[in-house]
Amino acid sequence: MTARIIDGKAIAQEVRAEWKARADALKARGIVPGLAVIIVGEDPASKVYVANKVKACAELGLHSEHIVMPADTSEAALLGRIAALNADPKIHGILVQLPVPRHIDSGKVLEAISPDKDVDGFHPVNVGALATGNMRFAPCTPYGAMKLLEKSGVSIEGKHAVVIGRSNIVGKPMAMLLLQANATVTICTSKTVDLAKFTRDADILVVATGKPKMITGDMIKPGAAVIDVGINRMADGKLCGDVDFDSAKEVAGWITPVPGGVGPMTITMLVANTVRSAERTVGK
Ligand code: NDP
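Residues numbered from 1 in each chain as written. Predicted model: local features only at pLDDT ≥ 70, side-chain atom pairs only at ≥ 80, totals over all residues.

Brief notes about the UniProt feature "domain: Tetrahydrofolate dehydrogenase/cyclohydrolase catalytic" (unreviewed entry) in the chain
At step 1: The feature "domain: Tetrahydrofolate dehydrogenase/cyclohydrolase catalytic" (unreviewed entry), as annotated in UniProt, sits at residues 6-120 in this numbering.
At step 2: A helix fraction of 49% and a strand fraction of 16% characterise residues 6-120, whose end C-alpha atoms lie 24 Å from each other. (UniProt positions renumbered as here; feature names shortened; annotations may be inferred. Helix = DSSP H or I, 4+ residues; strand = E, 2+ residues; numbered from the N terminus.)

What about the pairing of strand β7 (residues 204-207)?
At step 1: Judged by which residues are buried, β7 turns out to be covered on both faces: Ile204 and Val206 on one side and Leu205 and Val207 on the other are all buried.
At step 2: Bridge count between strand β5 (residues 160-164) and β7: four bridges; the pairing is parallel. In the sheet register, Val163 faces β7, and the bridge partner there is Val206.
At step 3: As paired strands, β7 and strand β8 (residues 225-228) are joined by four bridges and run parallel to one another. Bridging from a neighbouring strand, Leu205 pairs with Val226 of β8. (Buried ≥ 20, exposed ≤ 12 C-beta atoms within 10 Å, placed from the backbone. Pairing = 2+ DSSP bridges.)

Focus on the packing of helix α2 (residues 44-59) against helix α10 (residues 263-281)
At step 1: Viewed as axis vectors pointing N to C, α2 and α10 meet at an angle of 55 degrees, and their least axial separation amounts to 10 Å. In this view, α2 runs oblique relative to α10, as classed from their interaxial angle. Here α2 and α10 pass one another in a crossing that is right-handed. Every residue of α10 that contacts α2 at Asn52, Lys53, Ala56 and Cys57 is listed here: Ile267, Leu270 and Val271.
At step 2: Its residues placed into classes, the contact of α2 with α10 shows five nonpolar, one polar and one charged. (Axes fitted to C-alpha atoms, helices over the stretch in contact; angles between N-to-C directions. Parallel < 35°, antiparallel > 145°, perpendicular 65-115°, else oblique. Left-handed = near helix turned anticlockwise from the far one by under 90°. Contact = placed C-beta atoms within 7 Å. Nonpolar A, V, L, I, M, F, W, Y, C, P; charged D, E, K, R; others polar.)

Digging into the sheet that holds β8
At step 1: Ordered in space as β1-β11-β8-β7-β5-β6, the six strands form an open sheet in which the pairing is parallel. Since the sheet does not close on itself, it has two edges, and those belong to β1 (4-5) and β6 (184-188), each with one partner.

Considering the pairing of strand β2 (residues 34-40)
On any regular strand, side chains alternate: one points to one face of the sheet, the next to the other face.
At step 1: Among the seven residues that make up β2, seven are buried, leaving the element largely enclosed by the rest of the structure.
At step 2: Side chains Gly34, Ala36, Ile38 and Val40 project from β2 onto one buried face, and the interleaved Leu35, Val37 and Ile39 project onto a second face that is buried too.
At step 3: Taken together, the seven bridges between β2 and strand β3 (residues 63-69) define a ladder with parallel strand orientation. Residue pairing for β3: Val40 is matched across the bridge by Met69.
At step 4: Following the backbone out of β2, through α2 and into the adjacent parallel β3, one traces a crossover that is right-handed.
At step 5: The pairing of β2 with strand β4 (residues 93-96) spans four bridges and is classified as parallel. Bridge pairing in β4 links Val37 to Leu95. (Right-handed = clockwise from strand over helix to strand, strands pointing away.)

In structure tokens form, the structure reads like this:
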């Protein structure tokens, strides 16, 4: 058996079209959804991510502000900038590209963003809202992974979902979203004993470890849906996931490639969260 390949690029286009229609409907009422992206310093990877986020906003006709602050920006200056954006009615979503320079406390920064404009879903209020089942903004990468499952027709309710990784940006919120969708959820970490015992029982396997090709075909249940969140750059310059695609695709029922799987969805869901945030201002 060869797995169905989940085409993240095609699904991202489809989802973007849905959210463009919602953005257009808002514009017809005089509201242009706006996203502010702040980058502090010159990290090259971060610059690429930020440029892609701004580009995606432009494609959907959203207003976006790309705010570049020097690496020696003080924490107070950054917090001041965030406070101004919190009060700016043109802006419905604010994100600060992580990592920030070490002299700035990233926890303070995330808490300074108004929970109503926290389109990354990292503010403790929004993390709590997700955990208590009152989701407002789901973190974009796991939200995108859920959309891939939904659009591929993978049923979640009653299934055993195994998430490998417990980061605040991927693993933990992914587990929460799967739980919300009525999966039976197991979270594995680097301390898990006999990882394969869990992965072989997974109907849905989400891998977010940052360890290239660590999940091989023999660790996968036949027919499982495999979502590979990992993005690893190899010595030859090519990207690969945390799953060994070649062996996994012979066993899995569905699988996301890297690149072209989860990656294109992350920015799409950022745009979706910005439009949703703007929709919430209607009538306020
Ligand atoms: P982190 O490094 O923050 O977390 C990795 C997690 O994997 C940890 O919880 C760690 O366990 C666990 N882990 C590491 N090794 C093993 C192992 N051998 N067995 C089981 N668990 C293990 O990474 P992120 O969550 O930020 O990112 C994960 C991957 O996803 C990376 O490749 C990253 O590049 C990619 N990514 C992709 C995005 C996208 O848009 N597609 C967005 C964000 C991330 P422990 O907690 O015990 O240390």
